[in-house]
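Residue-level listing of the chains:
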Amino acid sequence: MTMQSDLAAALNAQINHEFSGAYVYLGISAYFESLDLNGFASWMRAQSDEERAHGMRIFDHLSERDVPITLGNLQKVQTEYDSVNAAVAAGLALEQETTQKLNALWAQAVEFGDYQAKALLDWFVNEQTEEEDLLRTLLSHVKIAGNEGAALLILNRELAER
Ligand SMILES: [Fe+2]
Ligand SMILES: [Fe+2]
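Okay, so let's go over this structure. (Residues numbered from 1 in each chain as written. Chains lettered and ligands numbered in written order. Predicted model: local features only at pLDDT ≥ 70, side-chain atom pairs only at ≥ 80, totals over all residues.)

Moving on, we come to the nonpolar core. Considering soluble globular proteins, one finds that nonpolar side chains tend to be buried as a cluster. Core analysis: the biggest nonpolar cluster contains 32 residues, and Ile28, Phe32, Phe40, Met44 and Leu121 have the highest contact counts within it. Contributing elements (two or more residues each) for this core: α1 (5–34), α2 (38–64), α3 (84–111), α4 (115–145) and α5 (149–160). The element best represented in this core is α1, accounting for nine residues. In this structure Phe40 touches Phe32, Asn156 and Leu159, once residues within four positions along its chain are discounted. (Core = buried A, V, L, I, M, F, W, Y, C linked by C-beta atoms within 7 Å. Buried ≥ 20, exposed ≤ 12 C-beta atoms within 10 Å, placed from the backbone. Helix = DSSP H or I, 4+ residues; strand = E, 2+ residues; numbered from the N terminus. Contact = placed C-beta atoms within 7 Å.)

Structure (structure tokens):
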């Protein structure tokens with residue numbers, strides 16, 4: 001089935017959002033590298049890689065359906081944050097924003113009767129539940145650790161194991 005052009009544009013925009021997300025996580029990772037919190041840094045780098053893979057999932061779907069692909073600009077992202085807490089909170093905020101975008105895309109796919117796109121987006125919507133939970137849990141742990149260096153270093157070691 002030929003994809004409706006508004007939906008094609010929205011999915012192309014989502015490729016950009018996923019790659020932008022990869023970039024945001026890379027900026028967060030750079031911040032943790034600057035603190036020598038290597039476990040946090042590698043965890044955030046893995047998140048970055050996942051966002052890139054998400055972008056590629058949509059890329060492949062469009063390509064398989066012969067929809068022209070557009071690749072927009074990436075904005076400069078911050079690589080400095082005020083605190084560990086603020087950096088992790090930025091990851092959670094990104095995921096919440098992403099969930100909203102994917103929910104809207106899902107509704108658009110259904111509205112246009114594009115069940116192939118809907119099936120693709122079912123995966124994404126499910127993934128967001130896990131992604132938000134991961135970030136929310138990490139933020140809770142960071143808050144519990146607070147300014148206790150020892151607790152933060154234990155968390156850092158745990159995160160290195162991902
Ligand atoms: Fe994503
Ligand atoms: Fe994500």
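The rest of the description comes next.
The next subject is the packing of α3 against α4. Relative to each other, α3 and α4 sit at 160 degrees, their axes nearing to 9 Å. Here α3 lies roughly antiparallel to α4, going by the angle between them. Read as a crossing pair, α3 and α4 show a hand that is left-handed. Residues of the contact of α3 with α4, tallied by class, amount to 17 nonpolar, seven polar and six charged. (Axes fitted to C-alpha atoms, helices over the stretch in contact; angles between N-to-C directions. Parallel < 35°, antiparallel > 145°, perpendicular 65-115°, else oblique. Left-handed = near helix turned anticlockwise from the far one by under 90°. Nonpolar A, V, L, I, M, F, W, Y, C, P; charged D, E, K, R; others polar.)

Moving on, we get to the environment of Ala10. By secondary structure assignment, the location of Ala10 is in helix α1. In the structure, Ala10 is positioned 99 residues away from Ala109 in sequence and 9.8 Å away in space, judged by C-alpha atoms.

In this fold, Leu74 is placed in the loop between α2 and α3. The sequence separation of Leu74 and Ser20 amounts to 54 residues, and the corresponding C-alpha distance is 5.9 Å. Residue contacts for Leu74: discarding those within four places in its chain leaves Phe19, Ser20 and Tyr23.

Moving on, we come to the environment of Glu64. Examined against the element boundaries, Glu64 turns out to sit in helix α2. What makes Glu64 exposed here is the crowd of 10 C-beta atoms within 10 Å.

The phi angle of most residues is negative, glycine excepted, and most peptide bonds adopt the trans form. In this model, Asp36 sits at a positive phi of 60 degrees, which is unusual for a non-glycine residue. Its location among the elements puts Asp36 in the loop between α1 and α2. Even without a glycine there, the phi angle at Asp66 is positive, about 60 degrees. Positionally, Asp66 belongs in the loop between α2 and α3. Exposure remark for Asp66: the 8 C-beta atoms within 10 Å place this residue in the exposed category.

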